[in-house]
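Now for the letters of each chain:
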Amino acid sequence: MHILNILAPVFLIIAIGAGLQRTNFVSANFLREANRVTYWLGLPALLFSELAGSFRHAQGAGLMLGVMLAATGLAVFAGYLVAWLRRVPGAAAGTFVQGGFRGNLAFVGLPIIYAMPDTPLAWGVSVRTAAILTVAPMMVVYNIAGVIVLLLSQHRLGWAMLGPFLKQLATTPPLLATLAGIGYALAGWTLPQAVDKALTSLGEMALPLGLLGVGGSLVTVRLGGAWRTPLAAALVKTVVAPALGWAVGRALGLGALELKMVMIFLACPTAVISYTMAIELKGDEPLAAGTIVLSVLTSVVSLALIVGLF
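Parameters at a glance
- Along each chain, residue indices are assigned from 1 in the same order as the chain's sequence is written.
- Given that this is a predicted model, residues contribute local features only at a pLDDT of at least 70 and side-chain atom pairs are listed and counted only at 80 or more, while totals for whole chains, interfaces and linings are drawn from all residues.
- Just so you know, side-chain values use all the structure's heavy atoms and leave hydrogens and water out.
- Each axis is a line fitted through C-alpha atoms, taken for helices only over the stretch in contact, and angles between the N-to-C directions span 0 to 180 degrees.
- Secondary structure elements are defined from DSSP: runs of H or I of at least 4 residues count as helices, runs of E of at least 2 residues count as strands, and each element is numbered from the N terminus.
- Two helices crossing with the near one rotated counterclockwise from the far one by less than a right angle form a left-handed crossing, whereas a clockwise rotation gives a right-handed crossing.
- Throughout, a contact is declared for two residues whenever any of their heavy atoms are within 4.5 Å.
- In the scheme used here, Gly and all other residues not listed as nonpolar or charged are polar, with Ala, Val, Leu, Ile, Met, Phe, Trp, Tyr, Cys and Pro taken as nonpolar and Asp, Glu, Lys and Arg as charged.
- Confidence of the predictor at the level of single residues is captured by pLDDT, which takes values from 0 to 100.
- The pairing test for Phe, Tyr and Trp rings, Trp by its six-membered ring, is centres within 6.5 Å, and the orientation test on the planes gives stacked under 30 degrees, edge-to-face over 60, and tilted for anything in between.
- Here the term buried applies to any residue with accessible area under 20% of the maximum for its type, exposed to any over 50%, and partly exposed to those in between, with areas from a 1.4 Å probe on protein chains only.
- Polar contact is the term for a pair of N or O atoms within 3.5 Å; when the atoms are in protein, one must be able to donate a hydrogen and the other to accept it, and sequence-neighboring residues count only if both atoms are side-chain atoms.

Engineer: Looking at this model, I keep getting lost on the packing of helix α10 (residues 228–252) against helix α13 (residues 285–309). Mind explaining?
Structural biologist: The description of two helices packed together rests on the angle between their axes and the distance between the axes. At a minimum axis distance of 7 Å, the contact between α10 and α13 shows a crossing angle of 35 degrees. By crossing handedness, the relation of α10 to α13 is classed as right-handed. Along the contact surface, α10 presents Thr229, Pro230, Leu231, Ala233, Ala234, Leu235, Thr238, Val239 and Pro242, while α13 presents Leu287, Gly290, Thr291, Leu294, Ser295, Thr298, Ser299, Ser302 and Ile306. Along the lines of polarity and charge, the residues of the contact of α10 with α13 split into 10 nonpolar, 8 polar and no charged.

Engineer: Please clarify how the confidence of the model for the protein chain should be interpreted in this entry.
Structural biologist: On average, residues of the protein chain score 86 in pLDDT, and 95% of them are at 70 or above. Looking across the protein chain, the model is least confident in helix α7 (residues 162–170), with a mean pLDDT of 72, and most confident in α10, with 96.

Engineer: What am I meant to see in the packing of aromatic side chains here?
Structural biologist: Under the defined criterion, the tally for this structure stands at 4 aromatic pairs. Seen in terms of ring centroids, Phe48 and Tyr184 are 5.6 Å apart; in terms of plane orientation they differ by 70 degrees. Their pairing is edge-to-face. Pair noted here: Phe48 is in helix α2 (residues 30–54) and Tyr184 is in helix α8 (residues 173–186), with a separation of 136 residues, a long-range link. Relative accessible area serves as the criterion here: at 17%, Phe48 is assigned to the buried category. Look at Tyr184 and you get buried, because its relative accessible area is 17%.

Engineer: For this particular structure, what's the right way to read the side chain of Ser295?
Structural biologist: Considering the arrangement of structural elements, one finds Ser295 in helix α13. On the basis of relative accessible area, Ser295 is assigned to the buried category, the value being 0%. Engagement of the side chain of Ser295 in a polar contact is seen with the backbone oxygen of Ile292, the distance being 2.9 Å. Excluding anything up to four places from it in sequence, Ser295 contacts Ala234, Thr238, Pro269 and Thr270.

Engineer: Just checking my understanding: could you explain the environment of Ala247 for this structure?
Structural biologist: Along the chain, Ala247 falls in helix α10. Separated by 176 residues in the primary sequence, Ala247 and Ala71 place their C-alpha atoms 8.6 Å from one another.

Structure follows, in structure tokens:
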């Protein structure tokens, strides 16, 4: 029941989104447009408001973030290794690696954390605040690393990558909201109450609407017959990455609850935005789509084990 109470609401909303799209209860573009509203408005509002009010506690999240960064770096290495073993073509290697490390922290990870008791941690902040303080910088890392691995599969490392790299970063709303929230907090400013409430309301919209969008996107993705390589990327994301996080976290002495949160984030399915980036940066579209679908299925098992055992 503990596992169901935490995971069931998240995956039920994903299933509802899939059902709405499959039955044509909503138009073909509705969930896509809802996801766009979430990506451009709801999620940035959530990140900005939370960071503007809690970034002063960011120092305490340093160890959690360090474990996330180390495990993500190792997952990138594991992704390249598995891609080499499976003889994934060079042009598709970046898509494979991105699918193996870029998790859906905002639309799957945060709702799971928010379903847990919002208990205080040893360093004085609540579970939800610690989650935001970890997720926001990781989204910056994911954006930068995702662009790099995709461009490296198309170009040699050099100045030719700079233009597409900067363009992608400059048009990523969650990244801009993260930087703005950190800057606002460092300036010592306080959000006016009316603005804070408005942003909080928009942020509360982001998580359920984002989950509906994830479900709708699963219905529109066509997996096809080539499933082994996407499955390999999905297993790197939802099995190898959290295992690496557990090893790194134990080695660095991360607290039990913080370690559980890190493993949940690392076991999240591949982010839907990775498909959009694969299209924009000329990656392997079928591989990106298949990885997203299969990682949702494999993450159910991984997340259930993490929630139940840790």
